[in-house]
Amino acid sequence: MIVTNIKDVMMKHLKTLVFLPLLLLVFTTCSEEQIDGDRIGTINGKVVAKGTNAPLENVKVSTNPVSSTVFTDEEGNFMIENAVVNTYAVQAELAGYVTAFESVAVLENTVAVVAFELALSNANNQPPSVPVLVFPEDLQTDVPFEVQFTWESSDPDTDDDLSYILELRNGATNNIELYETAQDTFYLASNLDLATTYFWQVKVNDGVNDDVVSQISQFTTIALPNNPYFFVKREEGNSVIYSGNEDGLNGNESEADISVLKLTSAANNSFRPRSNPVINKVAYLRNVGGNTQIFTMDTGGGNKTQITSVIPVNGFRIDEADFCWAQNGSQLYYPNLDKLYRVNADGSGTVLMYQTTDGSFITEVEEAAFDTDLLLIKTNDYSGYNARIFTYRLSLNTEETIVTQGVPGALGGIDITANGQRVVYTRDVSGSENLNYRIFESRMFVFDIPSMVGAQLSTDAALGENDLDVKYAPNEGAVIFTRVGNNIGAIPSVFKLQFDTTIEEKQLFSAGSMPDWK
């Protein structure tokens, strides 16, 4: 029995020894397969909107074969961790956008990077409404040369950014101008042609759908009004030239600012208009880069042309510098520090005509219309004072008549009658001379050359007001001038003073200065 039992025990142990290697082999094989299956990596990525590259939040990101499903953060970033080594199709999905797929290979212990640009889905986005044209109204007439086009449009998808294109066609030339705006439902266009029919329409785009186009509307600009006055207003930090009339449509005398027509844009600093009715042109000064040049334009504001270039207009203060037409509109005289130049009206033939002998600056010049050999000139020192007004005979290169000199204070605003017999100018009777060239009590004076007698004009100017920029009327029976308070920032106005038995003043244009009347 004992022997038998020992034998049985030994057989049991032998079976166990045989079984253990087999079990170890099976365990080892299974363990190696599990390690191979757990080889993992990471997928990192970013999702942005196509076209704008704006990050998209809460985009659902998933893979095929299936791993984890994640969502992008506010920066558009996402991360899928513990992705088993494999090649995946990664999907990015967000309502309102076209679902996108990208292929990426995940390697062990590495980061695979993938990026998405999601395009808006047309199927989920509605187009904007058809633009409604508000102004100018269809078939409207007498539309000014500067027009603020206005329209209305909306979009049911409030997140869309709308952009507009205004198409404007000149009915006379068929020339088409395109003006683009972002968001704004208006556009300011300048310098339209006289008495011309225009056609316009507006296209709107939401960045997703095709353009939506308005109906076509038409309007006609005003014919050239009979505006004999030219003056300057300040707009958007620049000087802008206007023309105007003092009579109403029926020829009856009316209030200030009648038939006011804007001739230059506020985008440029344009000032000191000088009209010439013989050739229907207006010359004016305009800042170009760091210089001031002479330009000309039609009396309606068209055909703007730069005349001077190499030798610009210059003086001790450019807002005080003045120039004039010469030889019936074929030439112009203008100052450049201590020199006086003449230039042809087409910009050719610049010639030095006069230079001061003491280095004083030439600030203003006028030609006598019936005596084109006679000039009226004003000079001053570098600070604007020690001023002189005199006539100069070109053919003899000599000063002919001294109108005024040796008086304290500022002089300016010179003009001479057609026959060269009388001169009008302004003088600061306060006699103040200061570093800022501030004028305190400027008044108008008339000087009669044959008698060599001068006198102050009687006006309604109050204490604390200045009369400046005086010019003769075409019939020389009146003058036009600027009246402005002597305080800094005062707003000027343009007045007319009629000469007769009783001197009569009339305000013509508010917030205006530098008038001209030819």
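Further up the page is the structure itself.
Throughout this document, residue positions are counted from 1 along each chain, in the order its sequence is written. Restriction of local features to residues with pLDDT of at least 70 applies here, the model being predicted, together with a cutoff of 80 or more for giving and counting side-chain atom pairs; totals for whole chains, interfaces and linings are based on all residues. Only hydrogens and water are set aside; all other atoms, that is, all heavy atoms of the structure, feed into the side-chain values.

(A) Summary view of the side chain of N380. A helix here means a DSSP run of H or I that spans at least four residues, while a strand means a run of E at least two residues long, and both kinds are numbered starting from the N terminus. Here N380 lies in strand β29 (residues 371–380). Counting of polar contacts relies on pairs of N or O atoms within 3.5 Å, with two restrictions inside protein: one atom must be capable of donating a hydrogen and the other of accepting it, and residues adjacent in sequence are counted only when both atoms are side-chain atoms. Separated by 2.5 Å, the side chains of N380 and T363 make a polar contact.

(B) A look at empty space enclosed by the protein. Of the grid points, spaced at 1 Å and generated over the protein atoms alone, those admitting a 1.4 Å probe that cannot get out make up cavities, while open sets with protein on both sides within 12 Å along at least five of seven lines make up pockets; any residue with an atom within 4 Å of a point is treated as lining. Grid points are joined across faces, edges and corners, and a volume is the space filled by probe spheres set on the points. Inspection of the entire model under this criterion finds one cavity of 30 Å³ or more. For the largest cavity, the calculated volume is near 30 Å³. Lining the largest cavity are F145, E146, S190, N191, K262, L263, T264 and S265. All residues other than Ala, Val, Leu, Ile, Met, Phe, Trp, Tyr, Cys, Pro, Asp, Glu, Lys and Arg, Gly among them, are scored as polar; the first ten of these are nonpolar and the last four charged. A per-class count over the lining of the largest cavity returns two nonpolar, four polar and two charged.

(C) Expanded view of the packing of aromatic side chains. Only Phe, Tyr and Trp rings take part, Trp by its six-membered ring, and two of them pair if their centres are within 6.5 Å. Stacked means planes under 30 degrees apart, edge-to-face means over 60, and tilted covers everything else. Tallied over the entire structure, the rule returns 18 aromatic pairs. Note on Y229 and W517: the rings are 4.8 Å apart at their centroids and 50° apart in plane angle, and the pair reads as tilted. Of this pair, Y229 sits in strand β17 (residues 229–235) while W517 sits in strand β40 (residues 513–517), and the two are 288 residues apart along the sequence. Neither Y229 nor W517 differs from the other in exposure class; each is buried. Classification of residues uses two cut-offs on accessible area relative to the type maximum, computed with a 1.4 Å probe and protein chains only: under 20% is buried, over 50% is exposed, and between them is partly exposed.

(D) Representation of unusual backbone geometry. The peptide bond linking N64 to P65 adopts the cis configuration, its omega dihedral lying at 5°. Tracing the chain through its elements places P65 in the loop between β2 (60–64) and β3 (70–71). One non-glycine residue with positive phi stands out, namely N397, at about 55°.

(E) Looking closely at the nonpolar core. Judged by nonpolar contacts, the single largest core of 25 residues is most densely connected at I294, F323, L332 and Y334. For this core, the secondary-structure elements that each account for two or more residues are β17, β21 (281–288), β22 (291–298), β25 (331–336) and β26 (339–344). Considering each element in turn, this core owes the most residues, four residues, to β21. Each residue touching Y334, except ones within four places of it in the same chain, is listed here: I294, T308, I311, P312, V313, F323, K339, L340, Y341, V343 and T350. Here, the term nonpolar core denotes a set of buried Ala, Val, Leu, Ile, Met, Phe, Trp, Tyr and Cys residues that are joined through side-chain atoms within 4.5 Å. With 20 residues, the next largest nonpolar core counts I43, A92, V114 and F116 among its residues. When checking whether two residues touch, look at their non-hydrogen atoms; a contact exists if any pair is within 4.5 Å.

(F) View of the layout of surface pockets. Taken as a whole, the largest pocket encloses approximately 1,000 Å³ of empty space. Forming the boundary of the largest pocket are 43 residues, of which R317, D319, E320, L468 and V484 lie nearest the centre. Elements supplying a minimum of two residues to the lining of the largest pocket: β17, β20 (270–276), β32 (411–416), β33 (422–428), β36 (465–472), β37 (478–485) and β40. At four residues, the largest contribution of residues to the lining of the largest pocket is made by β36. Along the lines of polarity and charge, the residues of the lining of the largest pocket split into 15 nonpolar, 15 polar and 13 charged.

(G) Structural view of the sheet that holds strand β39 (residues 504–510). At least two DSSP bridges between two strands are required for those strands to pair. Ordered by their spatial adjacency, four strands build an open sheet running β36-β37-β38-β39, and the pairing between neighbours is antiparallel. The sheet terminates laterally at β36 and β39, the two strands that pair on one side only. Averaged over all pairs of adjacent strands, the angle between their axes in this sheet comes to 30°, without regard to strand direction. Bridge count for β37 against strand β38 (residues 493–498) is six bridges, and the pairing is antiparallel. Paired with A478 across the bridge in β38 is Q498. Where helices are involved, their axes are fitted lines through C-alpha atoms of the stretch in contact, as for all axes, and angles between N-to-C directions lie from 0 to 180°.

(H) Focus on the pairing of β37. Buried residues dominate β37, accounting for seven of its eight residues. As paired strands, β36 and β37 are joined by six bridges and run antiparallel to one another. Residue pairing across strands places D467 opposite R483, the latter belonging to β37. As consecutive antiparallel partners, β36 and β37 are separated by five residues, and within that stretch E476 has a phi angle of approximately 60°, a positive value.

(I) Representation of the pairing of strand β10 (residues 147–152) within the structure. Side chains V147, F149 and W151 project from β10 onto a buried face, and the interleaved Q148, T150 and E152 project onto a face without burial. With three bridges joining them, strand β8 (residues 132–135) and β10 adopt antiparallel strand pairing. Residue pairing across strands places L133 opposite W151, the latter belonging to β10. Two elements, β10 and strand β13 (residues 186–189), share four bridges in a ladder whose sense is antiparallel. Residue Q148 lies in a different strand from β13, and its bridge partner there is L188.

(J) Structural view of the sheet that holds strand β23 (residues 305–306). The sheet built from four strands is open, its strands ordered β20-β21-β22-β23 with antiparallel pairing. In this open sheet, the two edge strands, each paired with only one partner strand, are β20 and β23. Relative to β23, β22 runs antiparallel, the two being bridged by two bridges. Across the sheet, T296 pairs through a bridge with T305, a residue of β23.

(K) How the structure looks around the pattern of salt bridges. Salt bridges, as used here, are contacts in which a Lys or Arg side-chain nitrogen is within 4 Å of a carboxyl oxygen on Asp or Glu. For the structure shown, the criterion picks out 21 salt bridges. Between K281 and D298 there is a salt bridge, with the nearest N and O atoms lying 2.8 Å from each other. One end of the pair, K281, is in strand β21; the other, D298, is in strand β22, with 17 residues separating them in the sequence. We classify K281 as partly exposed; its relative accessible area is 22%. Judged by its relative accessible area of 22%, D298 falls in the partly exposed class.

(L) Summary view of a negative patch on the surface. Residues E57, D73, E74 and E75 make up a contiguous surface patch of negative charge. Within the fold, E74 resides in the loop between β3 and β4 (77–84). Taking the relative accessible area as the measure of exposure, E74 reaches 57% and is therefore exposed. Like-charged residues are merged into a patch within 9 Å and nonpolar side chains (Val, Leu, Ile, Met, Phe, Trp, Tyr) within 5 Å, provided each residue has over 30% relative accessible area and no salt bridge. Here the accessible surface of atoms and residues is derived via Shrake-Rupley with a 1.4 Å probe, and residues count as covered only by protein chains that are part of the display. Under the counting rule used here, the positive set is Lys and Arg, the negative set is Asp and Glu, and His together with the chain ends is not counted. Charged groups are reduced to one reference atom each: NZ for lysine, CZ for arginine, CG for aspartic acid, CD for glutamic acid.

Keep in mind these numbers describe shape, not what the thing actually does.
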